[in-house]
Amino acid sequence: MLEVVVADTLAEASAAMSEEARFLGGGTLVMRQVNYGDQRFNRIVRCRERLDEIRPDGSRVMIGSGVTMAQIMGSRDLAFLAPAARAVGGPAIRNMATIGGNVIAPHPYGDLAVALLALDGRVALSDGTSQPLEQYLKTRRGLVRSVSIQRPSGDEFRFRKVSRVKPKGVSVMSMAAHLQRSAGRLSDVRVAYGAMAATPIRVAAVEQALEGASLDLNGVTPALNAATEGLSPPDDALASAWYRREVAPVHLRRLLLGEDRR
Amino acid sequence: MPVEFRKDLFADERDDNLAEIGKPHIRQDILGHVTGRSPFYDDHLFDGLLHMRCVRSPHHHSRVRSVDTSAAERVPGVVRLIRPQDVPVNLNTLLALLNFGRDDEPLLTPDRCAYKGEPIIAIIATSERAARDAVAQVKVDWEELPFVLDVEEALKPEAPMVNETYPNNTFDYHDRYDHQKLRFGDVEAGFAQADHIVEGEYQMSPIEQAPMETCGAIAAPETNDRFVCYTSTQALFFSVAVAAKQTALPSSRLHFIGGTVGGGFGGKVDSHHEPLAILGAMLTGRPVKYQWDRAEEMQVGAPRGAERWRIKDGVMRDGRIVAREFTGFFDAGAYTRLSSYAVQKCTGHIPGPYTIPNIASNVYCVFTNRTPSTAMRGFGITGVDFAIECHMDKVAEQVAMDPIELRILNAYRDGDMKAHRRSAKNCALIECCQVVAEKSGWALSADARAASSLRGGGVDWRAEIPETLTDQGGQIGERKRRALAPEPFAGVSQRHTVAAGSANEHPATGNAPQREDMVIEAERLGFKVSTGVPVSSAPIAPPTPPGVPVPYPNNARPPEQPDRDASTGPGLPPAARSAEPLLPRETVPQRPVAPPPAAVTPPPSPSQPTSADQAPGGPRPPRRPGVSRFISGPRGRR
Amino acid sequence: MKTPVTFTLNGADAAAFADPGQNLLDVLRRGVGDLSPKYGCGQGTCGTCTVLIDGEPHLSCLVLAETVQGRAVETAGGMANGPDLHALQTAFVEGFAAQCGYCTPGMLMAAKALLDRNPSPTRDEVIEAISGNLCRCTGYEPIVEAILTAARAPRNSVGSTV
């Protein structure tokens with residue numbers, strides 16, 4: 001029999017978690033499983049603590065894990081992130097879906113997490129520890145209290161979602177890049193993909209190829225050639241692995257060079 | 001210059017002074033829609049409603065070795081399990097209602113499951129969650145079996161058997177063939193004389209109807225010893241009859257309420273929910289709802305079946321198509337549902353809206369270990385149309401011709417004989433092409449612009465096609481014994497091309513028995529034997545009792561080849577080799593000559609009964625009021 | 001064990017007992033008897049269960065029922081004021097913006113949420129607002145037109161604007 005545990009704080013909620021429990025954020029992931037009678041858990045844990053703070057912190061911004069996509073879109077401090085938040089679902093989903101859910105969402109979901117990865121995301125967990133988002137995505141253990149990201153300046157941040165249906169459709173792939181420059185050359189670049197692996201991932205080969213390059217077609221060509229290096233994209237109902245490999249360089253070029261930006 | 005087809009072409013087909021038709025109107029049900037009050041089947045509340053869910057096969061093809069339901073029965077809230085042996089009449093086929101095909105599909109499958117998602121047990125519980133939990137607790141020992149997912153693989157002798165009722169993996173047509181045939185003219189001769197042979201293969205995927213409302217039904221005992229059933233069905237009377245049969249209740253005890261359907265598109269005709277929900281209500285004495293979730297709707301719900309088509313055309317240098325051969329495969333999935341009918345529907349559509357004097361087609365309704373397929377918006381037609389129109393473009397490319405002009409050149413015109421020996425009427429493809437070209441700024445030649453569906457049809461080779469004897473290739477079960485190509489005439493040593501009405505030593509096998517209301521009228525035959533007799537005085541063949549094949553009311557003469565220039569060979573339209581312009585020019589207004597009367601004396605037929613009120617050779621009865629002139633009768637434009 | 005939940009439904013007090021894990025759609029339909037929101041997918045894909053919670057569109061099939069405690073829920077069933085239709089409903093009726101009608105309650109809720117906040121939306125904003133709502137009778141164009149028509153209607157009484 002299913003039970004619902006209501007905790008006052010995230011720490012209490014964390015104590016109520018187990019293999020057979022799921023934490024309810026916005027509901028878009030967990031309620032779907034409940035509706036379909038998922039037998040892997042018999043406890044829903046929810047929390048009265050709102051966790052919806054958005055707080056600038058020097059060159060970074062801290063976003064509470066309960067912040068919804070709609071709240072991101074409405075936040076002056078997160079204007080750069082609005083296109084990525086807008087890429088998630090329709091308006092109703094965006095009123096419900098939280099940033100905490102997005103970082104644990106299974107393939108092909110998690111478009112916002114791709115943006116967070118490119119912005120050097122770090123997660124703070126309910127136990128007070130923190131770790132890079134990249135590392136968290138490998139295990140997804142522990143309840144996320146907040147995510148801290150770098151605040152990009154100017155047009156350094158790029159996001160692109162490729163889907164077959166517009167304006168709302170599931171990702172064939174999503175891509176984000178933080179293109180920092182130093183003396184006119186790309187430096188400390190971060191590039192992340194979604195729906196190209198089991199979780200959102202950073203793409204080391206592309207990042208390396210962009211290091212020190214100029215942001216023009218010549219400069220990014222080596223990165224385009226390395227667009228899917230080391231990746232094994234999934235086959236699913238939306239696109240085959242082959243298709244994802246074939247189109248990734250095209251979308252990467254559009255992302256990096258700001259072509260056809262929506 | 002916009003063309004108003006209705007005014008130009010069908011002026012006499014419709015009265016323009018109708019009160020409702022042709023006028024904007026507010027839907028009668030839309031007030032309910034916008035206020036959320038339209039009563040869809042699930043919008044009825046019952047105290048103590050129970051919920052039903054099914055245990056389903058997780059494999060493409062499997063056998064149930066054993067089932068352990070003890071844990072499921074202990075799940076709190078479980079009220080009752082329904083097993084295959086609880087279903088009074090477990091086996092059914094949808095078209096049994098029309099006496100077409102044999103019962104081949106269980107409501108709940110006792111042993112061998114032929115597709116992924118096939119239900120074996122239904123569980124009824126006090127909540128949907130409890131029903132889901134119980135389904136998860138049923139332990140089934142599945143033996144996985146070899147499966148076949150490709151239509152042509154399924155035709156091979158070594159293919160696993162999918163459907164016990166049709167052990168050859170094909171639906172049986174006319175108790176004789178493993179496919180539906182169409183034979184018209186002489187395709188081999190047509191190919192022999194063609195300048196080009198153009199071949200193509202086209203594959204369509206299954207398509208899920210994906211209605212917004214998933215399929216479902218709620219059944220409840222009523223106080224008058226009846227069961228009420230609210231259902232999402234698109235086919236209320238189908239569903240009543242199927243439910244009555246499978247529950248073994250007289251239909252007078254079933255009170256069906258439907259009509260408000262949240263989208264159907266063909267996906268709500270299969271009538272599986274109603275008998276199961278009623279059975280649930282019978283066995284528990286309580287209201288029972290059986291509703292698919294979205295995942296079931298997509299996985300288990302029958303889609304439009306996949307189709308594969310191969311088309312081979314014989315084409316003259318100038319674009320005239322003189323022969324066309326089809327080999328088609330309908331993927332029925334594991335059970336017949338409506339695929340057997342889709343095959344006949346598409347055969348009726350062949351060769352598309354074109355006048356081609358030589359046509360042969362073999363179409364197969366193939367069983368595979370896929371989800372059974374069923375109706376969806378023009379099923380049987382859209383697939384073959386897609387193939388035909390893709391192929392027309394391919395032909396145009398081959399002969400370096402404008403694709404629209406190619407269509408105009410080959411289009412049906414009024415009076416042409418179609419492949420089913422009916423006269424084409426109310427043709428408008430040419431005009432449609434002309435308007436499309438105009439609207440899209442596509443330049444057409446003067447000939448193409450001048451062409452008309454009203455002119456040039458129904459003459460010579462366009463109407464006088466000798467009857468073709470059905471060959472005996474592809475007998476039921478033949479393919480199990482030996483590999484046999486699926487194309488028409490494969491494995492047939494001798495073919496016969498004989499003229500209509502010829503003395504036929506081999507009775508024209510495969511013809512479905514003609515029913516009285518299907519008696520062939522001379523005017524519907526669409527090909528001429530003699531000239532000059534007005535339709536109104538054309539006698540008809542006397543009605544024939546059901547079950548007696550009706551010979552074509554033609555001269556009872558021996559076979560006679562139609563006029564053919566020796567230099568052009570059989571099957572070639574004269575236009576194709578003549579120096580004349582291809583598009584028929586109208587010098588003398590040429591309306592299709594009234595179809596010939598049958599011979600004044602009908603062909604002798606020993607089996608014909610004599611009946612006082614069915615005098616042979618009597619005058620044709622007056623047109624019945626209310627009979628659409630669209631369906632029969634010449635288009636009046638004198 | 002059932003959990004009591006009280007909220008307002010279309011302005012009136014409502015109360016129900018929710019099963020553990022029961023979603024708002026189910027509680028609205030079976031618990032409270034408001035049958036206007038529909039079940040289409042149970043997974044947040046189709047939008048036909050869309051309701052407004054505190055004025056914002058939510059998918060009721062993905063809302064744990066007990067979380068609407070003390071909140072304001074609106075459904076298509078409460079849009080009309082007695083016999084007087086809401087401007088959106090009138091526009092849907094006159095513009096043939098419903099065929100089977102199954103997506104209509106969700107469409108109306110999504111559209112109302114838009115017009116309540118933005119009384120003069122652009123066509124793109126309308127399309128965006130209903131992007132989470134599927135229609136299978138191929139009716140998007142009349143629906144978009146109807147929403148734009150409702151926005152232009154002089155009797156448009158939807159929402160006060162800031």
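Residues numbered from 1 in each chain as written. Chains lettered and ligands numbered in written order. Predicted model: local features only at pLDDT ≥ 70, side-chain atom pairs only at ≥ 80, totals over all residues.

Caption draft 1: View of the interface of chain B and chain A. Listed per partner, the contact involves seven residues of chain B and five residues of chain A. A per-element tally of the side of chain B that touches chain A places helix H4 (residues 128-137) of chain B first, with four residues. For the side of chain B that touches chain A, a count of residues per class yields three nonpolar, no polar and four charged. (Contact = placed C-beta atoms within 7 Å. Helix = DSSP H or I, 4+ residues; strand = E, 2+ residues; numbered from the N terminus. Nonpolar A, V, L, I, M, F, W, Y, C, P; charged D, E, K, R; others polar.)

Caption draft 2: Region of the structure containing the sheet that holds strand E12 (residues 227-231) of chain B. Residue and element names in this part refer to chain B. Taken together, seven strands build an open sheet; the order of strands is E3-E7-E1-E14-E11-E12-E13 and the sheet is mixed. Every other strand in the sheet has two partners, leaving strand E3 (78-82) and strand E13 (254-257) as the edge strands with one partner each. Recorded for the sheet is a direction-independent mean angle of 25° between the axes of neighbouring strands. Pairing of strand E1 (residues 50-56) with strand E14 (residues 288-291) involves three bridges; the strand directions are parallel. Within E14, the position partnered with His 51 by the bridge is Lys 289. With respect to the sheet, helix H8 (residues 273-284) is in contact with E1, E3, strand E7 (119-125), strand E11 (216-221), E12, E13 and E14, its orientation differing from that of E11 by roughly 30°. (Pairing = 2+ DSSP bridges. Axes fitted to C-alpha atoms, helices over the stretch in contact; angles between N-to-C directions.)

Caption draft 3: The arrangement of the interface of chain C and chain B in detail. Contacts between the two partners involve 34 residues from chain C and, on the opposite side, 26 residues from chain B. Of the residues that constitute the side of chain C that touches chain B, the class distribution is 18 nonpolar, twelve polar and four charged.

Caption draft 4: Structural context of the packing of helix H2 (residues 87-94) of chain C against helix H5 (residues 140-152) of chain C. Residue and element names in this part refer to chain C. In contact at an axis separation of 8 Å, H2 and H5 are set at 135° when each is read in the N-to-C sense. If you check the angle between H2 and H5, you find them oblique. Here H2 runs over H5; the crossing is right-handed. Along its contact with H2, which presents Ala 87, Leu 88, Ala 91 and Phe 92, the element H5 presents Ala 146, Ile 147, Thr 149 and Ala 150. By residue class, the composition of the contact of H2 with H5 is seven nonpolar, one polar and no charged. (Parallel < 35°, antiparallel > 145°, perpendicular 65-115°, else oblique. Left-handed = near helix turned anticlockwise from the far one by under 90°.)

Caption draft 5: Structural detail: the pairing of strand E8 (residues 144-150) of chain A. Residue and element names in this part refer to chain A. Among the seven residues in E8, six count as buried, and that is most of the element. Pairing of strand E5 (residues 60-64) with E8, which is carried by five bridges, proceeds in the antiparallel orientation. Considered in E8, the bridge of Ile 63 is made with Val 147. Where strand E6 (residues 122-125) lies against E8, four bridges are found, and the strand directions are antiparallel. In the sheet register, Leu 125 faces E8, and the bridge partner there is Val 144. (Buried ≥ 20, exposed ≤ 12 C-beta atoms within 10 Å, placed from the backbone.)

Everything listed here is a matter of geometry and, on its own, says nothing about what the molecule does.
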